[in-house]
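For reference, the chains in residue letters:
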Amino acid sequence: MDGAAGPGEGPAHETLQTLSQRLRVQEEEMELVKAALAEALRLLRLHGPSTSLQSSGTPAPTRDSITAPPGLPPTCSPSLVSRGTQTEEKLEMESSSGPPGLSNGPPALPGASEEPSGTQSEGGCSSSSGAGSPGPPGVLRPVQPLQRSDTPRRNSSSSSSPSERPRQKLSRKAASSANLLLRSGSTESRGSKDPLSSPGGPGSRRSNYNLEGISVKMFLRGRPITMYIPSGIRSLEELPSGPPPETLSLDWVYGYRGRDSRSNLFVLRSGEVVYFIACVVVLYRPGGGPGGPGGGGQRHYRGHTDCVRCLAVHPDGVRVASGQTAGVDKDGKPLQPVVHIWDSETLLKLQEIGLGAFERGVGALAFSAVDQGAFLCVVDDSNEHMLSVWDCSRGVKLAEIKSTNDSVLAVGFSPRDSSCIVTSGKSHVHFWNWSGGAGVPGNGTLTRKQGVFGKYKKPKFIPCFVFLPDGDILTGDSEGNILTWGRSVSDSKTPGRGGTKETYTIVAQAHAHEGSIFALCLRRDGTVLSGGGRDRRLVQWGPGLVALQEAEIPEHFGAVRAIAEGLGSELLVGTTKNALLRGDLAQGFSPVIQGHTDELWGLCTHPSQNRFLTCGHDRQLCLWDGEGHALAWSMDLKETGLCADFHPSGAVVVVGLNTGRWLVLDTETREIVSDVTDGNEQLSVVRYSPDGLYLAIGSHDNMIYIYSVSSCGTKSSRFGRCMGHSSFITHLDWSKDGNFIMSNSGDYEILYWDVAGGCKLLRNRYESRDREWATYTCVLGFHVYGVWPDGSDGTDINSLCRSHNERVVAVADDFCKVHLFQYPCARAKAPSRMYSGHGSHVTSVRFTHDDSYLVSLGGKDASIFQWRVLGAGGSGPSPVTPSRTPSLSPASSLDV
C-alpha cells in the first residue's frame, strides 16, 4: 500500500478537489455579497421617506427588528460578536461542526464573552509571556458562562433549532459584509451619510457601529480600531448627547512672554499691569505692597486667534493695541496677522486694523503721543519690514513704506511731534518724517534719515530707545552703551523739507552695562532706567547720564527684558526667563508671575490639594499652588521632564525624563528618594495604581515597566514588564481594583494587561469591556472615541482626562484648543464646548482633585492655563446609562 496510489487518488484528482472546494467557497461568498446588498437596500428604504413596505404587504419593521438578525429575539443583538473578516467566517464554519459547547471563536448566539483568538489584537501584537492567554488559533475552547442571566446560552434548550442556525449565520455575515461595503463606499465623500451609522447622528467615514451591537470600529490612517461596547449599554441612544452642561472660565494664566518678545509690559491708568502670553493679553492687579507677596487678580483679553507679539498703550491709559502673529489654521493654511485696539475697562474690541495688510506678523507698534493718540504706527515681520501709519478711529492706512531688510526691534512716535517716527534694530537707527496727506488714506508720505554714528562704533543691535523731555533720544545697544542722539540743521539749501538739511548725530556716549541693554524707561521724575542682559543690572540715570542707583536681578530670573513704572516708586520688571518681578531699587524685587521658558509636556494634579506639577524642555520641575496662584517651588532636573504623577498619598511624585530615567521626589523637601533608569529611550507616561501599590512606567521602547511600591511611594522594586505593544507607549490607565492596565501606543493599539497575574497580555479584549477604570486618560477607547474629529490622522488629540465625578472629559488637541465633552463620549462627531487661548498645540489637560479646576498646558508657548469648572452638577459619577437630559447653555458659550 506504500507504493502506487489507488484509482482516483492521483495529483490530478487532488487538484480537482481543491479547485472544486475553492469554487464552493466563492459561491458562498457571492451569496454573502448578495445578502449584504439586499440588507443595505432594505435599510436604505427604511431610512427613506416611506418606512412601510406596502407593496409586499409586509408591515414596516421596528428598530429592534432591524438591529437583530432574522430569527433572533431583539434583546439578543447587544450580545452578538461582530465578524468583519473572512478569517473569522472560516473559523466559524470550522467550529460549527465540533462538539456542542465548544468554539474557537465568539459564539453565534447570545452569551459570548470572548474575542476570536485566531487573530492577534489590533496591530498584530502578542505578549512574550504567553501564560494565561486563550491559546493559538484552531484550538477549541469552552464557552464562557453568561454574565446576564436573562440571556440564553448558545447550546441551551432555549436556543434556536439547528435548522435556524444557517439562517442566523448567513444573516450575521451579510450584516458584517454590508458594514464593509458601506464603509469603503463612505470614503468617497466626507459629507455622505452612512445608513448603518449610530443611532441619533449621521455616520462618519472613519467610524461605524457594528450591526450586531457589541462593538464600534473607527479608523485612523486607514487602520481599523475595534472597541467593545459595555454590557450595561443596551442601546447607543441611551448615551449622552449634546455638549455638557459644565463650562470653563479662564481663572488664571501662569507665565509671561519675555524670552523672545519686546514691548510686552505696561501699566494702565487703573494700576493694572498689562502683558501677554500665548493668545491672551493679561491684565494683572498686584496685591500687597512693593516687594511683598503676589495675590491680586487677573482679567484677560482673548480676542486674538494666534500668539500676541507686541503691545502699545494709548496716552489715555485705557485703550490698548495688541498685534498678533500670522499662524496657521488646522488645515495648514496661513492666517492673516492683525492689530486689535480694545478697551481695557470693558475688554471690548474697538477696532481691527491691518487685516490682510501685514505679512507674517506684527513686530512692533506705537500710538502717537500728541493729537490725542489719533495715529498708530506698525512694523510687520515681512522681509522688507513694512512701516505703516494708521488712523485709529477709522482703521484706515494713511502711509506705508519699506523700512529695511534688517530686523526692526522698536518703533515710536516723538512725544513732541507726531510727524517724527523712530525705528531701531539690527545695526541701524532710522528717523522718519511723516506728512499725513490731510488724512486721506494712502496719501501720506514717509521719508527716512539714517542716524550717523561718525567716530563711534556701530553696534550690532540697538534693541531700545527712549525720548527725553528736551527732544534728545537715548538708545541702548548690544555693546552695553547708552548713546544720546541730537538733531542738527545745516545752513546749506537743499530740495528737502523747509530747504534745510537735517542730520541726527551722537551727542554723548556712556558705557552702562556688560553686554546688551534690553530696556530703557523714562520715569516720571525725569530720570532714566536701563536694564542689562548679561549683567542683569537695573541702573537709574540722572541728567548727563550720571548713575544714581542700581540693583541686580537674581540669576535664576534671567536678564531684564522690560521695565514699567508702577504706582509711587514701584517698578515692574519682566525678565528673559518669563518672570514678572515687582519692587524697587532700594528694597529689591520679588516675583509675582513666573512661568516656564520652553515646551511643556508633563502635568499632574495633587490627589487631595489644589496643587499641580509641571515639567518640560526647560528642565524645570515646578509645583504650583492653584489657590494662591503662585509657584510653590521649582528645581532643575538637568534633563527634559516629559511626564509626572503623584502617589495617592501625595507624599512623593514620580517624574519621567527623556533619557529613560525616572525620579521619585519628596513633595515637601524636594529630596530625590529614588533614581532609576529603564531602557535608553524617553518615558512618555508614569502612573501609580489607585491603591499606591504599583507604579507603571510607559516607555518609547514599547514596554511598560511595573514596580511594586511601599512606604508611601518612597521604596520600589521591579515587579515585571508588559511586553506586546508594537510601538511606543503613549497613554495608560489603571483599573479601580489596581489589578489591570489599559494602554495605548503610537500605532493606535488598545491593549489590556493583567498586572497582578504576572503582567500578562489579555488577548481577549472583549472580556475587558465592563472593567472600571480609576482614571481615563487613554485617548483610544469606547468611552471616548467620539472626541476624535472626522478625518483625523491620529495625532490630533494629545491628551485627554475624565473628571473624577465621571461626568465630563477634557481634551487637548493639536489646534490650540481645549474641549469639554460629556462622558461617556461614544457618538461619532460628538459636540463639545471649545475654548481658545493657547498659541501652540495643547499638550496636556488634568482636573484637580475635586474637579473645581482644569489645568491645561500649551506646548511651545510655555503657558499654563487654570480654568474654573462651572455648572457641575453633583459629585458622584454619572451612571453608564444616564437618565439625566443635558441642559444646554447658550450657543455663544460653545466657542469661547
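Residues numbered from 1 in each chain as written. Predicted model: local features only at pLDDT ≥ 70, side-chain atom pairs only at ≥ 80, totals over all residues. Heavy atoms only, no water.

Under an unreviewed UniProt entry, the name given to the protein chain is Echinoderm microtubule-associated protein-like 3, and the source organism is Cricetulus griseus. Quoted verbatim from the Function (unreviewed entry) heading of the UniProt record, the comment on the protein chain is "Regulates mitotic spindle assembly, microtubule (MT)-kinetochore attachment and chromosome separation via recruitment of HAUS augmin-like complex and TUBG1 to the existing MTs and promoting MT-based MT nucleation. Required for proper alignnment of chromosomes during metaphase." If you open the UniProt record of the protein chain and go to Sequence similarities (unreviewed entry), you find "Belongs to the WD repeat EMAP family." (UniProt positions renumbered as here; feature names shortened; annotations may be inferred.)

Chemist: Before we go on, may I ask you to explain the nonpolar core in this structure?
Modeler: Leu 265, Tyr 275 and Leu 854 are the most contacted members of the largest nonpolar core, which has 42 residues in total. Considering each element in turn, this core owes the most residues, 5 residues, to strand β6 (residues 247–254). Core analysis: the second largest hydrophobic core is formed by 34 residues, Leu 220, Tyr 785, Cys 825 and Ala 830 among them. (Core = buried A, V, L, I, M, F, W, Y, C linked by side-chain atoms within 4.5 Å. Buried < 20%, exposed > 50% of the residue type's maximum accessible area, 1.4 Å probe, protein only. Helix = DSSP H or I, 4+ residues; strand = E, 2+ residues; numbered from the N terminus.)

Chemist: Which parts of the structure should I look at to understand the pairing of strand β11 (residues 308–313)?
Modeler: Regular strands show a simple pattern: their side chains alternate between the two faces of the sheet. Buried residues dominate β11, accounting for 5 of its 6 residues. Here β11 runs beside strand β12 (residues 319–324); their pairing, made up of 5 bridges, is antiparallel. Bridge pairing in β12 links Ala 312 to Ala 321. Between β11 and β12, which pair antiparallel in sequence order, lie 5 residues; one of them, Gly 317, sits at a positive phi of approximately 75 degrees. (Pairing = 2+ DSSP bridges.)

Chemist: Would you take a moment to explain the sheet that holds strand β47 (residues 729–734) for this structure?
Modeler: Whenever strands of a sheet pair, they do so through backbone hydrogen bonds, lying parallel or antiparallel. The strand order across the open sheet formed by 4 strands is β47-β48-β49-β50, and the pairing between neighbours is antiparallel. Looking at the sheet topology across the chains shown, the edges are occupied by β47 and β50 (760–761).

Chemist: Please explain empty space enclosed by the protein as it appears in this structure.
Modeler: Over the atoms, a rolling probe the size of a water molecule traces out where space has been left empty. Tallied over the full model, the rule gives 9 cavities of 30 Å³ or more. Here the second largest cavity defines a volume of roughly 140 Å³. Along the walls of the second largest cavity sit 15 residues, with Tyr 228, Tyr 752, Ser 768, Arg 769 and Phe 782 positioned nearest its centre. Where the lining of the second largest cavity is concerned, the elements lending two or more residues are β5 (223–228) and β49 (750–754). Ranked by residues supplied to the lining of the second largest cavity, first place goes to β5 with 3 residues. Tallied by class, the residues present in the lining of the second largest cavity amount to 8 nonpolar, 4 polar and 3 charged. (1 Å grid on protein atoms, 1.4 Å probe; cavity = no way out; pocket = protein on both sides within 12 Å on 5 of 7 lines; lining within 4 Å. Points joined across faces, edges and corners; volume = space filled by probe spheres on them. Nonpolar A, V, L, I, M, F, W, Y, C, P; charged D, E, K, R; others polar.)

Chemist: Whenever I open this one, the side chain of Asp 380 confuses me. Can you help?
Modeler: Mapped onto the fold, Asp 380 is located in strand β16 (residues 375–380). Buried and without a salt bridge, Asp 380 has Arg 360 as its closest oppositely charged side chain, separated by 8.3 Å. A distance of 2.8 Å separates the side chain of Asp 380 from the side chain of Ser 382, its partner in a polar contact. Within polar-contact distance, the side chain of Asp 380 engages the backbone nitrogen of Met 386 at 3.0 Å. (Lys, Arg positive; Asp, Glu negative; His and termini not counted. Salt bridge = Lys/Arg side-chain N within 4 Å of Asp/Glu carboxyl O. Polar contact = N/O pair within 3.5 Å; in protein donor to acceptor, adjacent residues only side chain to side chain.)

Chemist: What should I look at first to understand the sheet that holds strand β38 (residues 630–636) in this one?
Modeler: Sheet architecture is open: 4 strands sit in the order β35-β36-β37-β38, paired in antiparallel fashion. At either end of the open sheet lies a strand with only one pairing partner, and these are β35 (600–605) and β38. Ignoring strand direction, the axes of neighbouring strands in this sheet form an average angle of 20 degrees. Pairing between β35 and strand β36 (residues 611–616): 5 bridges, direction antiparallel. Residue pairing across strands places Leu 600 opposite Gly 616, the latter belonging to β36. (Axes fitted to C-alpha atoms, helices over the stretch in contact; angles between N-to-C directions.)

Chemist: Explain unusual backbone geometry to me, please; I cannot follow it from the model alone.
Modeler: In this model, Tyr 823 is joined to Pro 824 through a cis peptide bond whose omega is -5 degrees. Along the polypeptide, Pro 824 turns up in the loop between β53 (818–822) and β54 (833–835). For Leu 545, which is not a glycine, the phi torsion comes out positive at approximately 55 degrees. Among the secondary structure elements, Leu 545 is positioned in the loop between β29 (537–542) and β30 (546–552). In this structure Leu 545 comes out as buried when scored by relative accessible area, which is 17%. Phi angles above zero are rare outside glycine, and Tyr 748 is one such case at about 70 degrees. Tracing the sequence through the fold places Tyr 748 in the loop between β48 (740–745) and β49. The buried category is assigned to Tyr 748, whose relative accessible area is 10%.

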